[in-house]
Amino acid sequence: MSSKSLGLVPWLIFFFIALVSIPVCIGFDLLSLAKFIGFAVTASLVVVLRIWLHRLGKLGKPSRVALNSNDLFELKRIIPALKDIPSSDQIAFQHRIGLLMSQVTVQQDASLGTLDASPKYLAMIGATLFLLNGQKAEGNLLFSLNTEQVLQFSENQLTGSLESAVANLSSCNAETLTKALAA
């Protein structure tokens, strides 16, 4: 975000002139005007900083998919070792999966027909596999479902069957989960 989009330069000029005018007003014995200018600078600075921080917060954070209780139940059912790590690590794991889920696109071969799994469930499985593979929340990630029983990872793509993905996740241990969080 540039300083022009924040309107930084006009506000800096205003603050500079207002702060310089306070000692000038005091020098001419205009104490009430100096107090008013000081109060106006302080109040406007608080308001402007809130606006800038709000704008920066919207641009800086990637969107995160919130996992509800049912999603967490499914996640713990798929990855039994998740129960073996500390609760603070579980929360961090869930947060990282939510961040990755916003980047995952699920694609399935036409030969599979319709799957009983929801798109959110598939994205959660894909995001978990990407996280365990050391993928960061950068760029678009593709989880391609087909009939192959072997999971294949490339740079931003994961290919394989849903059954092999679930089997891969269920075979994880607590050490693997903590290593993925540390990366």
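Preceding this section is the structure that the text describes.
Reading the values: the criteria
- Residues numbered from 1 in each chain as written.
- Predicted model: local features only at pLDDT ≥ 70, side-chain atom pairs only at ≥ 80, totals over all residues.
- Heavy atoms only, no water.
- Phe/Tyr/Trp six-rings, centres within 6.5 Å; stacked < 30°, edge-to-face > 60°.
- Helix = DSSP H or I, 4+ residues; strand = E, 2+ residues; numbered from the N terminus.
- Buried < 20%, exposed > 50% of the residue type's maximum accessible area, 1.4 Å probe, protein only.

Caption draft 1: Examining the packing of aromatic side chains more closely. One pass over the full model with this rule turns up 4 aromatic pairs. Ring centres of W11 and F14 lie 5.8 Å apart, and the angle between their planes is 85 degrees; this geometry places the pair in the edge-to-face category. Within this pair, W11 and its partner F14 are both found in helix α2 (residues 8–27), separated by 3 residues, close to a single helical turn. We classify F14 as partly exposed; its relative accessible area is 36%. On the numbers, 6.5 Å between centres and 75 degrees between planes, the contact of F130 with F153 is edge-to-face. Highlighted residues: F130 in helix α6 (residues 119–132) and F153 in strand β3 (residues 152–153), separated in sequence by 23 residues. The class for F130 is buried, based on a relative accessible area of 0%.

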